[in-house]
Amino acid sequence: MKRVILTGASGFFGSHLLRHLLVNTDWEFICPASWTHKGTPERIKNALVGGYENRVTVITHDLIAPFTEQTKKGFGKIDYILNIASNSHVHRSIDNPREFIVDNTLLAFNMLELARELKPEVFLQFSTDEVYGVAPAGVNHKEWSSILPSNPYSASKAAQEAMAISYWRTYNVPVVITNTMNLFGETQDSEKYTAQLIKKINAGEIVKVHGAKGDIGSRFYLHARNGADAVYFILKNLPPQLYNEGESPMPDRYNIVGDVELDNLTLADIVAKMMGKELKYELVDFHTSRPGHDRRYALDGSKLKGLGWSAPFDFDKSLKKSIEWTLNNPLWL
Ligand SMILES: NC(=O)c1ccc[n+]([C@@H]2O[C@H](COP(=O)([O-])OP(=O)(O)OC[C@H]3O[C@@H](n4cnc5c(N)ncnc54)[C@H](O)[C@@H]3O)[C@@H](O)[C@H]2O)c1
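Parameters and conventions
- Residues numbered from 1 in each chain as written.
- Predicted model: local features only at pLDDT ≥ 70, side-chain atom pairs only at ≥ 80, totals over all residues.
- Heavy atoms only, no water.
- Salt bridge = Lys/Arg side-chain N within 4 Å of Asp/Glu carboxyl O.
- Helix = DSSP H or I, 4+ residues; strand = E, 2+ residues; numbered from the N terminus.
- Buried < 20%, exposed > 50% of the residue type's maximum accessible area, 1.4 Å probe, protein only.
- Phe/Tyr/Trp six-rings, centres within 6.5 Å; stacked < 30°, edge-to-face > 60°.
- Core = buried A, V, L, I, M, F, W, Y, C linked by side-chain atoms within 4.5 Å.
- Contact = heavy atoms within 4.5 Å.
- Pairing = 2+ DSSP bridges.
- Axes fitted to C-alpha atoms, helices over the stretch in contact; angles between N-to-C directions.
- Near = heavy atom within 4 Å.
- Polar contact = N/O pair within 3.5 Å; in protein donor to acceptor, adjacent residues only side chain to side chain.
- Areas by Shrake-Rupley, 256 points an atom, 1.4 Å probe, with all protein chains shown as cover.
- Expected span 1.5 Å × (residues − 1).
- pLDDT = per-residue confidence, 0-100.

**Observations concerning the pattern of salt bridges**
Then, in step 1: Under the defined criterion, the tally for this structure stands at 18 salt bridges.
Then, in step 2: Two residues, Lys72 and Glu117, come together in a salt bridge whose shortest N-O distance is 3.0 Å. Of the two residues, Lys72 sits in helix H3 (residues 69-75) while Glu117 sits in helix H5 (residues 97-118), which places them 45 residues apart along the sequence.
Then, in step 3: What makes Lys72 buried here is its relative accessible area of 14%.
Then, in step 4: Across the pair Glu191 and Lys192 runs a salt bridge whose closest N-O atoms are separated by 3.7 Å.
Then, in step 5: Members of the salt-bridge network, linked through shared partners, are Lys38, Arg92, Asp189, Glu191 and Lys192.

In structure tokens form, the structure reads like this:
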């Protein structure tokens, strides 16, 4: 039985990860939650359905502050630290860069300091494809491609990675970095594209699709439970290489990628068809409407696949299920 500190459990992906690990393991979880930065108690409540309450302790804590000595003593022995929490939206980061840079760097620093002290077996820093910046057509970034963030959100995520790498090197913290592409699923905030499509199409509103005729941006999409399964696979099968034990000048890093690359308009069309509704849309030129926007993101997922991981949940079925769930739970619309 492992004991895990999981940050971001009140957020979209963190709550799916909590659920996936509760269902598939006997591990216990401590979840610090600030109840702000887009975190909600309902997501944790959903993750606990089925009698898992006894294995989860939620503490109220804003991760931009260090943990107190008493709180740290209360943690006891910790096997894994899964650092999922972050301010997570590109548009908001463009409007308010300070909030993103301060929150995401300080929370990573505080979690790394905690890891230095608690000495877990794994410190997993959950990051994004966006640290690599735009992927030109035909190029899917491999692990350790050049980091070239385009906006304050992706810069703050790259800064988290850089700090984690330095703690791996300087303090031998057992860092693993994952870079994940676009996630979708139940309880996603409607500021994110897939959830926004469901909300707007359901309301009969016009959807803004980034791109111009013949030049529409694209992403790879992955249900959040598939992302969670990849994290579980890494924890089970791929113990991190420590700096003082290996030859490599860098820690372990894995891309977590969906099988399906879709352009923004095709995804909108698929969602509308699954909902049985008409798609009303306008194309919005991303260069003027969203400075710092990247037309295409793409990661190469062959490393993790070669190590034996494949996504357990089918794209079409999981998208349909998420749409149905959202329509049946209008709180999330
Ligand atoms: N959603 C995606 O498509 C996607 C893709 C790749 C990577 N990611 C990464 O996944 C992680 C989760 O993203 P999400 O979409 O679930 O975001 P979200 O906005 O739904 O959740 C963010 C979580 O972080 C917590 N958080 C932020 N700042 C905090 C602080 N100071 N103290 C305590 N908690 C804090 C929030 O409370 C919330 O629980 C982020 O690290 C994001 O960069 C997301």
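**As for the packing of aromatic side chains**
Then, in step 1: What the rule picks out here adds up to nine aromatic pairs.
Then, in step 2: Seen from their ring centres, Phe13 and Phe126 are 4.4 Å apart, and the 10° between their planes marks the pair as stacked. Of this pair, Phe13 sits in helix H1 (residues 12-24) while Phe126 sits in strand E5 (residues 122-128), and the two are 113 residues apart along the sequence. Both residues of the pair, Phe13 and Phe126, belong to the buried class.
Then, in step 3: Ring centres of Trp27 and Tyr232 lie 5.8 Å apart, and the angle between their planes is 75°; this geometry places the pair in the edge-to-face category. Here Trp27, found in the loop between H1 and strand E2 (28-33), pairs with Tyr232, found in helix H8 (residues 224-237); they are 205 residues apart in sequence, far enough to count as distant.

**Things to note about the nonpolar core**
Then, in step 1: With 39 residues, the main nonpolar core has Leu6, Phe13, Leu17, Leu18, Phe29, Leu82 and Leu304 as its most contacted residues.
Then, in step 2: Contributions of two or more residues to this core are made by strand E1 (3-7), H1, E2, helix H2 (41-47), strand E4 (80-83), E5, H8 and strand E11 (252-256).
Then, in step 3: In terms of residues, this core owes the most to one element, H8, which gives eight residues.
Then, in step 4: Leaving out residues up to four positions away in the same chain, Leu82 has contacts with Val4, Ile5, Leu6, Thr7, Leu17, Leu21, Leu124 and Leu235.
Then, in step 5: Leu63, Met111, Trp168 and Val175 belong to the second largest nonpolar core, which has 21 residues in total.

**A closer look at the sheet that holds strand E10 (residues 218-223)**
Then, in step 1: Here we have three strands laid out as an open sheet, ordered E7-E10-E12, and mixed in their pairing. The strands lining the two open edges of the sheet, one partner per strand, are strand E7 (182-184) and strand E12 (260-263). Each strand of the sheet is rotated relative to its neighbour by a mean of 45°, with strand direction disregarded.
Then, in step 2: Here E7 runs beside E10; their pairing, made up of three bridges, is parallel. Residue pairing for E10: Leu183 is matched across the bridge by Leu222.
Then, in step 3: Sitting on the sheet, H8 is in contact with E7 and E10, with an inclination near 75° to E10.

**Overview of the site of the ligand**
Then, in step 1: In the neighbourhood of the ligand, 31 residues make up the surrounding shell, with Phe13, Ile84, Asp103, Tyr153 and Lys157 lying closest.
Then, in step 2: Backbone polar atom of Phe13 to an oxygen atom of the ligand: 2.7 Å apart, as the coordinates give it.
Then, in step 3: Separating a nitrogen atom of the ligand from a side-chain N or O atom of Asp103 is a distance of 2.7 Å.
Then, in step 4: Calculation on the ligand without its partners gives an accessible area of 820 Å², and the protein chains cover 97% of this total.
Then, in step 5: Counting residues per element, the shell around the ligand draws most heavily on E5, at three residues.

**A look at H5**
Residues three or four positions apart in an α-helix share a direction because the helix packs 3.6 residues into each turn.
Then, in step 1: Over its 22 residues, H5 runs 31 Å from end to end, which matches the ideal 32 Å to within 8%, given 1.5 Å per residue.
Then, in step 2: Among the residues of H5, Phe100, Asp103, Asn104, Leu107, Ala108, Asn110, Met111, Leu112, Leu114, Ala115 and Leu118 are the ones counted as buried.
Then, in step 3: A positive backbone phi angle near 50° is found at Lys119, which sits one or two residues after H5.

**Quick notes on the confidence of the model for the chain**
Atomic detail in the predicted coordinates should be set aside for any region of low pLDDT.
Then, in step 1: Chain-level pLDDT for the chain is 96 on average; 99% of the residues reach the 70-or-more range.
Then, in step 2: Within the chain, the element-level pLDDT minimum falls on helix H10 (residues 286-289), averaging 66, and the maximum on E4, averaging 99.

**Quick look at the pairing of E4**
Then, in step 1: Burial along E4 is two-sided: the face carrying Tyr80 and Leu82 and the face carrying Ile81 and Asn83 are both buried.
Then, in step 2: Sheet topology note: the E1/E4 ladder contains four bridges and is parallel. Following the sheet pairing, Leu6 is matched in E4 by Leu82.
Then, in step 3: Where E4 and E5 come together, four bridges link them in parallel fashion. Looking at E5, one finds that Asn83 is bridged to Gln125.

**Looking at the sheet that holds E1**
Then, in step 1: Reading across from one edge, E3-E2-E1-E4-E5-E6-E11 is the order of the seven strands in this open sheet, with parallel pairing throughout. Of all strands in the sheet, those with a lone pairing partner are strand E3 (56-60) and E11, marking the two edges. Taking each pair of neighbouring strands and ignoring which way they run, the sheet shows an average axis angle of 20°.
Then, in step 2: Inspection of the sheet shows E5 paired to strand E6 (residues 175-180) by six bridges, in the parallel sense. If you follow Phe126 over to E6, its bridge partner there is Thr178.
Then, in step 3: Each of E1, E4, E5 and E6 touches H5; the most contacted strand, E4, lies at about 175° to it.

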